[in-house]
Structure formats: C-alpha cells, structure tokens
Amino acid sequence: MSTTIAQTNILESQPQTSADFPAWFTDLQQQAWQKFLTTPMPTRKDEVWRFGNLKQLNFDGYSDDESTEITYTIPTLPEGVICLPFEEALKQHGDLVKEHFMKRETRLGSAKFAELHKARVKSGLFVYVPDGVRVEKPIEVSHVLSGNRQATFPHTLIITGKNAEVSVLDRFSSANNEDAGLCVAFNDLIAGEGSKLTYCAIQELNLSSRMIQVNATDVGRDAHAVAFTLNTGSQWARNEALSLLNGEGAHSDMLSCSIPAGTQQYDQRTYQHHASPHTNSDLLYKNTLFGTSKTVFSGLILVDQGAHFTDAYQTCRNLMMEETVEANSMPGLEINADQVKCSHGSTAASISDEEIYYLRARGIPARQARRLIANGFSVEVVERMRNERLEEVVLEAVDRKFSTIS
Amino acid sequence: MSYDTTIDAIDTETQEAIDVDRTKGDFSYPENHKYDAGVGLSKDTVEYICDVKNDPDWVREFRHKALDTFYSKPMPTNWATEDLNNIHFDEIRYYLADGQKPMRNWEDVPPEVLETFERLGVPEQERAFLAGVEAQYDSETAYSSVKEELEKEGVIFVNSTEGLKEHEEVFRPWFGKVIPTGDNKFSALNSAVFSGGSFIYIPKGLKVKHPLQAYFRINSENFGQFERTLIIADEGSEVMYMEGCTAPKFESTTLHSAVVELVAMKGAKIQYVTVQNWSSNVFNLVTKRGIAHEDAEVRWIDCNIGSRLTMKYPGVVMKGERARGEVISIALANSGQHQDTGAKMIHAANNTTSNVVSKSISVGEGRATYRGQVLIPKHLKGCKNNTECDALMINTNSKTDTYPAITVRGNQHVTQHEASVSQVSEEMLHYMQQRGISQAAAMSLAVNGFINDLVSEFPMEYSVELKRLIELEMEGSVG
C-alpha cells in the first residue's frame, strides 16, 4: 500500500481493484462503481431518511489510500472452519464469497453507499463454519482507523452450515482523537439450517469520525441469529439492519445499545422481514441520551402473505438523561398474513425522582444513582446476547463511555 | 397442515354479519343544478365559484393563492399509497348547487332533497336529540337550523359562506390559521374551491347540552365535495359536533376533501364525532386539526367504515398549558378499501397531555393503516403522550400496517406507544360454536368485543347508529 501525494477522492476516482481478486469480483466492483455514480443521493423526501441528517452524507475530500489497521484474534478453530481476512477469502474461496456476498437489496436508505462499499471494499473478515461444527470462543476483529479524512470499507461475511455455531466480534475504533475517519462497514450473516450465529459490533470511533454500518441477516430453517450493535463513538452513525426469516422455525434477535452524548447523532433503521410461516423475530433497541444528542429509530416488521404463525416483536426504549436531548421513533408494522402475533412498543422517559430518592435513601449519591440506573438500562439489552465473552467486552465499552460523562 | 384453515373458509353469512350496511345511502335523485362549475379545475372554476357565491375580495384572493399552492404541491406518494394517482382532477365537477339559500324549515327544502335526508333519518334525529342541524347536498347547505334558545344565547351555527360574510369579525381571525392552505395538497385544493361546511361559535361559558349535527350528502356523479368547517368554542364553553356522510355508489370516482378547523379557547371543550360511511368509490382525503388553548380539550372521535381510500389524521395542537388532545378511532376496511387513518399530536406548551387509541379491523382484502405523529419539542416540561393501536385481521389475505413517528426532546416527558396485531383465534370461535353459537354470530361477537370499549366513547345516540351501521349483533357483549 502506497501513499500517493495526490490523494484519491473516494467519490470521484475509480477504485483500483487488486489484480489478485477473481475476475467476477473485479467486474462486480466496476459495475458497482458505475451504479454508485448514477444512483442519486438520498433526499428529504425519502421516508427512510425522515428525521435523518443528510448533511452528514457529505464525504467529499475523503480518500482510502491509507489502510486501516486490522487485527484478528482467532481462537483455536475446529477442522474445516475457514476464517480469513476478506481479501484472502476472495482469492482462496471465491465461489463461497460469490454465493453470499451482498445478495440482498439495500432497502433501508443506503443503496448508494452499498455500491460505494462494493466498489471500494478490500478488507474485512470471512468465516465459514461447516455442518455440525461449533466454534466455542468468539472470533475477534479490531479495526483501527487512522489518518485524517481517510475512509475504510470493511466487509464481514459469515456463513454457518447446518447445525453449526459461531460468534464474531467486530470492533471499530480510531487511532487518535483528532483524525476524521469514515467507516462504511457492511456485514452479511448467513445462518444455515439449525445453526446459531452471533454477531456483535462495537463502534467506538472518535468524535470527528462517521460510520455507516449495514447489516443483512439471512436466517434459515430452525436457525437462530443474534446481531448486536453498540454505539458509543463517532459524531454520527447510521445503522441499517435487515433480518430475513427465510425458513420455518427461524429466529432472529436484533439488538442495539446506544449511548450518545454531547452532539452525537445515531440514526438506526431496521427491517424484520418474515418470508416464511412459523418464524420469530425479537428486536430491542435501547438509547441512553446525554447532552444535546439525537437518536432516530425507524423499524418495520413486514409479514409476507402466507407467513402465518409469525411472532414478531419490536421495542425501542429511550432513556432521556437531559433536557436537551431528542429521540425520534418510528416503529412500523406491515402485516399481510393471518395468525400472527406482532407488537411494537416505543417509549421515551427519564429516570424518575422516586428512583433516585430510593437509592439516595440507601446512601448512594444522586449522580452515582443516575449512573447506576442508566447502566442497568443498558445491561438489559447487552445480556440478551447470551454470550459471556461478548457481554464482557461490550460492558467494558459501556463503562468506558459512562466514565467520560460527568 | 394448511395455514389457511381457519378463517379463509369464511361463509357468506359470517361475511355479512361483520360487514357494513352499505345499501342505506346508495340511492340518488336526478340532478337539478342551476349552478355547475363544469368539469375540471382552472382559474375560471375558482372565478365561477367566487361569482356564484358572491365572495368578498379577500376570499377571492385566498382561493386563487390556494389554487397556485395546489398546483405547486406534488402528490404525497413518497409516503402515501399510489392509489392517489387514480384521482383525475380534470374529470371532477367542483361546484354543483341549485342556487337556494339554506332553509330554516324542512318544508322549504326542495322535495327530492328533503326526501334524501328523510331516508337518511336526519329530521328524525333532529327532533329526537339534536340542538341544531346542517344538511349539505352536493356543494351547498340545503337546511340549517339551530334551536331558538341557543341562538338567543349567542350561538352561531351557519354554513361557511354565511360565516365569512355575516360574522367576518369572528370567522376571519381563525380561518385558515389552524390549517394553513399549504399544509398539504388537499388542504390547498379545499381552500381553492371550498363550499358548504359549518361555522360554529359558542359564546363564553356556554355548555351546549345537546350535540350539533352536520350531514354531508353527495348526490351527483363525478363530483367533488369540499366543505369547510370552523368551530370556535370561546372560554369555558363546551360543544359536541357530529358529522355523518353518505353518497350513492357510482362507477366513477368521487372526491371528498374537507378541511375542519377547531379552536378551543381557554378551558373550552370540543368533541368532534365523525361516522364516515361513504360509498366505495369515494376518495376521502380530509384534513382535520384543532388548537387547544390553556386548560382546553379537543377530542376527535372518529369512525371510518366507508370510502375506497380514506386518508385522515385528526390533529391537536396543544398550545396552552394543561391542554388535552385525544383521538379515538375505529376503522373497518373491507375488500377494495384502504383506511389510512391516524392522529397527529403536537405538544406546544408545558404539562399538556395527549391520548390516541386506534382500533382497526381488516376484512377480506381490506387494508387498514395507522399513521401517527407525536411531537414534543424543546424546552417543554411534563408532557405526556399515550398511543395505542390495535389491529384485528379477519381473513388470511387481510392487510394491516402501522407507521407511527414520535419525536421527544428533553427529559421531562413521558411517551409510550404500543401496537398489537391479532386475529380472531380458531379456539375462540370453536369455544363459542361448542355452545351453539353459529360461526357468523361468534365472529360478530369477537369483533364486537374488540371495539366495544371504543364504541362506548361515541355519544349514546351515535353508538346506536354505529351499531346499526356495523350490523353487529351486540347483545351479550355490551355491558
């Protein structure tokens, strides 16, 4: 990787695809670049950007010349498991990548940036777990963004075979507190029949950086997928999560914990798509808002015609810590089938004086009492991952965030 | 096993038991119009309406500006249904009237108009329990009357034309202030071609015991009805207003696009009850909003049964401290119908509270949508919102959607939103059938139980009407 003097502009210069990549991928990248150039920018009129901050989508002057430092912490893997940097997987297991790489339409608003990602992706993680194989410990990947006005486009592709099990952690952080970074990360989670796939993303970028994270989860028959996102960093983050329940007995847990402070803004869009009968999805998004921060949650449960006996739940809770915060919620439902159990709920409230009084009566100072309650509020969703190691890492990050808030 | 076992096999009897009586309003009389603005919309149409109605200059100007706004606004199909594109504005007739002033006595009303309203039971209801009635036939009010004693106490109950001409000092300050012309494409259209509707003023401290009623009747084909209602309840007064509407079923589409503005001054209470039973060729695109000042209350009690497409989101702007806003809504969507209804709650003062309870039933291929907005802006304290929407789906191909949007700024408020979707379970029906209740009656009972707590929110006389409309066998399920 070389640093050129005239930096490439990620919005203008055609990306150079690596000569090592298979031809189909090079073609795909070139097509994606053309699509990126012709796809219009989102506008105010787009429902998927309602309440969103379109100004944050100006990525002019960013380049992707410098590489992001990626560290892989890989546990001992059982035989047959493939765990490689994304670019290596392209070379060695091109067919597997081809079968699953970005197959779903990006319908939650970032279609243009999906093309940009496709065109410029050159790093990330690829995991394939064969039938019946269980990986006990999480595979951990750390992305450290460095360089001012540098963009990165990591891709995480995880495929589990029949009755397989795996968990993956993606951490996004910045090398320092000053450099403005941009991370456009996509992940494809393909949970095969009866498998268990757990994915956890921790976003702790510095306050000059921005993040777009798009998730596509495909849950097969009797499979169980868990996708969790923690947002504590960046000035602005947009998360789009789409779960497709694609076989009877499929179960998807969609979880998120966000703790914005200062002027941070998090914009989250979710889609629970029930395409088969007897499927189950459960979404819990929790926001704890400080300072003049702002959150947007827009969720949709879509139950296709014929997807009877669906259970779909969607809950967004906002804990309003200060008078100056703003929470927007749009919990939506579209039901086209019968015999379904669907509900959604959205709340926004603050810690009540009674709760504080109760703790103070037990000798806990007010400030600490508020912190305890806010912490407990976050813990509830973190624990839903039911993965000891991942919970531990996430709770550490939650603590780090709380310690920066007076 | 088949997933479509239960209610797919609904028999005609059941279908009828939960369906609505649509025959009641399905008749029409030959047209007898002295004034007809012709087909299509242009500056000339607006001029024609102004001339016929002898509008003052400020109204003429208002209408022309509104027409420009209407032209400049796109169809809101970025969020609303594409079905809106099936409205052909150039095929609609915008003004039809026989040139008569509203009559104070039913005897003076033209015979076919009188017959229409008698068949709809309006004079009968007036005698029974109403404090005043306005009956609109196509573009103009045919009959308008308010009890003498109310008139003496200063109650004004006239149509919008009379309101703007004879009570300009009360009418004008609030006209178009709650819902500005440019609020949406259809409020702009209404502002350009409005005719009919009610103007009501309730003086300070007067609590009107009996409801005032308006009945909107469309008789003509290819017609658009654009009534405009403004209700002002002065300090400490109370009023309940009820509106009903029907139209014959025509092959072509009919457009109904009203604007209703309510102003509740300090401590006043306005309840606005709608039972909407348009025929299934009507596009019903209505903008309704109320302002509640200090300690005032605005309640929208809304029942949507008819029409091809209804888009209606009654709103309350809570402008004064401790103001309250409420929307109670029942929607029934049958095959060929889309009930896109909801509520808009704008909190603009401290300690304001709003409540939205919406229940919808989708039958056959019907589609019911809840669309809501709750806004609690900065620097306010102690605001509360509660939103509940429940949907009941009867058939396997029924559809229901919910699209709420809630914005809360600050940490001194409480909001909660809940929605559920359910259906009449096989077990429930089986249980009742075991006890000798036919499937039809069982289904009807279950549907009843679902909306019963909301039906009781309607005034007694109307809930009777409602029960008759929904043709549900209520006995046993009403406490």
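Here the residue numbers are simple positions, counted from 1 along each chain's written sequence. Naming scheme: in the order in which they are written, chains are lettered from A and ligands are numbered from 1. Whole-chain, interface and lining totals are the exception, using all residues; otherwise, since this is a predicted model, local features are given only for residues with pLDDT of at least 70 and side-chain atom pairs are given and counted only at 80 or more.

Caption draft 1: Highlighting the overall build of chain A. Under the scheme used here, helices are H or I runs from DSSP no shorter than 4 residues and strands are E runs no shorter than 2 residues, and both carry numbers assigned from the N terminus. Looking only at helices and strands, one finds seven helices and 19 strands in chain A. Throughout, radius of gyration means the C-alpha value; the globule benchmark is 2.2 Å times the number of residues raised to the power 0.38. In terms of overall dimensions, chain A is globule-like: its C-alpha atoms have a radius of gyration of 21 Å, near the 22 Å expected for 406 residues. Once the C-alpha set of chain A is aligned to its principal axes, its extents read approximately 65 × 55 × 45 Å. Taken over 406 residues, chain A has a buried fraction of 53%. Here, residue contact means that the backbone-derived C-beta atoms of the two residues sit within 7 Å. Within chain A, residue pairs in contact and separated by at least 24 positions form 84% of the contacts whose partners lie at least 6 positions apart. Any residue with 12 or fewer other C-beta atoms within 10 Å of its own C-beta is exposed, any with 20 or more is buried, and the rest are partly exposed; the C-beta atoms used are placed from the backbone.

Caption draft 2: Molecular detail of the overall build of chain B. When helices and strands are counted, chain B shows 13 helices and 24 strands. Taking 479 residues into account, the globule formula puts the C-alpha radius of gyration at 23 Å, and chain B, at 22 Å, falls close to it. With respect to the principal axes defined by its C-alpha atoms, chain B has extents near 70 × 60 × 45 Å. Looking at chain B as a whole, 55% of its 479 residues qualify as buried. Long-range pairs, those at least 24 residues apart, make up 84% of the contacts in chain B with a sequence separation of at least 6.

Caption draft 3: Examining the confidence of the model for chain B more closely. All names here are of chain B. Summing up the model confidence of chain B, the mean pLDDT is 88 and the portion of residues at 70 or higher is 91%. Across chain B, the element-wise mean pLDDT spans from 43 in helix α1 (residues 5-8) up to 98 in strand β12 (residues 259-264). As a per-residue quantity, pLDDT reports the predictor's confidence and falls between 0 and 100. Taken as a whole, residues 1-8 scores under 50 in pLDDT and shows 14 contacts with residues more than four places along the chain or in a different chain. Across residues 471-479, confidence stays below pLDDT 50; counting only partners more than four residues off in sequence or on other chains, it has 19 contacts.

Caption draft 4: Structural context of the nonpolar core. Nonpolar core, as used here: buried Ala, Val, Leu, Ile, Met, Phe, Trp, Tyr and Cys residues forming one set through C-beta atoms within 7 Å. Within the largest apolar cluster, 245 residues are counted, with the highest numbers of intra-cluster contacts made by Val127 and Ile158 of chain A together with Ile200, Ile231, Val239 and Ala264 of chain B. The dominant element in this core, judged by the number of residues it contributes, is strand β8 (residues 181-191) of chain A, at eight residues. Sequence-distant contacts of Val127 of chain A, defined by excluding residues within four places in its chain, comprise Ile82, Cys83, Ile139, Ile158, Ile159, Val166 and Val168 of chain A.

Caption draft 5: Just helix α1 (residues 23-38) of chain A, in detail. All names here are of chain A. A helix is expected to span 1.5 Å multiplied by its residue count minus one. In this model α1 runs 23 Å from its N-terminal to its C-terminal C-alpha over 16 residues, within 8% of the 22 Å that 1.5 Å per residue would give. Of the positions making up α1, those classed as buried are Phe25, Gln29, Ala32 and Phe36. On an axial view of α1, the arc spanned by its buried residues comes to 65°, and they lie on one face. Turned more than 90 degrees away from the buried face of α1 sit Ala23, Asp27, Gln34 and Thr38, all of them exposed. Packing partners of the buried residues in α1 comprise α2 (86-92) and α4 (111-120). Taking the helix axis as origin, the arc is that swept by the directions to the C-beta atoms.

Caption draft 6: Up close: the interface of chain B and chain A. Contacts between the two partners involve 33 residues from chain B and, on the opposite side, 38 residues from chain A. Among the elements of the structure, β23 (399-409) and β24 (414-423) of chain B are those that each provide at least two residues to the side of chain B that touches chain A. It is β23 of chain B that provides the largest number of residues to the side of chain B that touches chain A, a total of 11 residues. Each residue gets one of three labels, nonpolar for Ala, Val, Leu, Ile, Met, Phe, Trp, Tyr, Cys and Pro, charged for Asp, Glu, Lys and Arg, and polar for the others, Gly among them. Tallied by class, residues from the side of chain B that touches chain A come to 12 nonpolar, 17 polar and four charged. Any two strands between which DSSP finds at least two bridges are classified as paired. As paired elements, strand β18 (residues 326-335) of chain A and β23 of chain B share seven bridges and run antiparallel to each other. Paired with Ile335 of chain A across the bridge in β23 of chain B is Thr400 of chain B.

Caption draft 7: Quick peek at the pairing of strand β7 (residues 165-174) of chain A. Residue and element names in this part refer to chain A. Across the 10 residues of β7, eight count as buried, placing the element largely inside the fold. Relative to β7, strand β4 (residues 139-145) is paired through seven bridges, and the arrangement is parallel. Looking at the pairing, His143 lines up with Phe172 of β7. Two strands pair when backbone bridges link them, and β7 and strand β9 (residues 196-204) are joined in this way by nine bridges, in the parallel orientation. Residue pairing in the sheet places Arg171 in a bridge with Ile202 of β9.

Caption draft 8: Local environment of the environment of Thr161 of chain B. Residues and elements named next belong to chain B. Secondary-structure assignment places Thr161 in helix α8 (residues 160-166). The buried category is assigned to Thr161, around which 22 C-beta atoms lie within 10 Å. Once the C-alpha coordinates of Thr161 and Ser198 are considered, the two residues, 37 residues apart in sequence, prove to be 8.8 Å apart.

Caption draft 9: Examining unusual backbone geometry more closely. Even without glycine at this site, Phe309 of chain A takes up a positive phi of about 55°. Here Phe309 of chain A lies in the loop between β16 (294-303) and β17 (311-320). Residue class for Phe309 of chain A comes out partly exposed when judged on the 17 C-beta atoms lying within 10 Å of it. Notably, Ser307 of chain B is not glycine yet its phi reads approximately 75°, a positive angle. Among the secondary structure elements, Ser307 of chain B is positioned in the loop between β15 (297-304) and β16 (309-312).

Caption draft 10: Focus on the environment of Ala369 of chain A. All names here are of chain A. Residue placement: Ala369 occurs in helix α6 (residues 366-382). Judged by C-beta crowding, with 19 C-beta atoms within 10 Å, Ala369 ranks as partly exposed. Distance from Ala369 to Tyr357, taken between C-alpha atoms, is 8.8 Å for residues 12 residues apart in sequence. Not counting residues within four places of it along the chain, the set of residues in contact with Ala369 comprises Ile356, Leu359, Arg360 and Ile364.

Caption draft 11: Fine view of the pairing of strand β6 (residues 198-202) of chain B. All names here are of chain B. For β6, the buried fraction is high: five of the five residues fall into the buried class. The alternating pattern of β6 places Ser198, Ile200 and Ile202 on one face and Phe199 and Tyr201 on the opposite face, and all of these are buried. With four bridges connecting them, strand β5 (residues 156-159) and β6 associate as antiparallel partners. Counted as the bridge partner of Asn159 is Ser198 from β6. Pairing between β6 and strand β9 (residues 228-233): four bridges, direction parallel. By the bridge assignment, Ile200 is partnered in β9 with Ile231.

Caption draft 12: Quick peek at the packing of α6 of chain A against helix α7 (residues 388-404) of chain A. Residue and element names in this part refer to chain A. One way to put it is that α6 packs onto α7 with a least axis distance of 11 Å and a crossing angle of 150°. What the angle tells us is that α6 and α7 run roughly antiparallel. When the axes of α6 and α7 are compared, the crossing they make is right-handed. Between α6 and α7, the residues in contact are Arg371, Asn375, Ser378, Val379 and Val382 and Glu391, Val394, Leu395, Val398 and Phe402, respectively. Taken together, the residues of the contact of α6 with α7 sort by class into six nonpolar, two polar and two charged. Note on geometry: axes are lines fitted to C-alpha atoms, helical ones only across the stretch in contact, with angles between N-to-C directions running from 0 to 180 degrees. Note that the term roughly parallel is reserved for angles under 35 degrees, roughly antiparallel for angles over 145, roughly perpendicular for angles of 65 to 115, and oblique for everything else. By the definition used in this description, the sense in which the near helix is turned from the far one sets the handedness, with an anticlockwise turn below a right angle giving left-handed and a clockwise turn giving right-handed.

Caption draft 13: Representation of the packing of helix α11 (residues 426-434) of chain B against helix α12 (residues 439-455) of chain B within the structure. Residue and element names in this part refer to chain B. The interhelical angle for the contact between α11 and α12, taken along N-to-C directions, is 125°, at an axis separation of 9 Å. Between α11 and α12, the angle is such that the two are oblique. The hand of the α11/α12 crossing is right-handed. Between α11 and α12, the residues in contact are Met428, Leu429, Met432 and Gln433 and Gln439, Ala442, Met443, Leu445 and Ala446, respectively.

Caption draft 14: Molecular detail of the environment of Val239 of chain B. Its place among the elements puts Val239 of chain B in strand β10 (residues 238-246). Separated by 186 residues in the primary sequence, Val239 of chain B and Ser425 of chain B have C-alpha atoms spaced 41 Å apart.

Caption draft 15: Up close: helix α3 (residues 43-53) of chain B. Residues and elements named next belong to chain B. Looking at α3, one finds that the buried residues are Thr45, Val46, Ile49 and Lys53. Projected down its long axis, α3 shows its buried positions confined to an angular sector of 100°, all on one face. Residues of α3 that are exposed and point over 90 degrees away from its buried face: Lys43, Asp44 and Asp51. The inward-facing, buried residues of α3 contact α4 (57-72), α8 and α10 (185-193).

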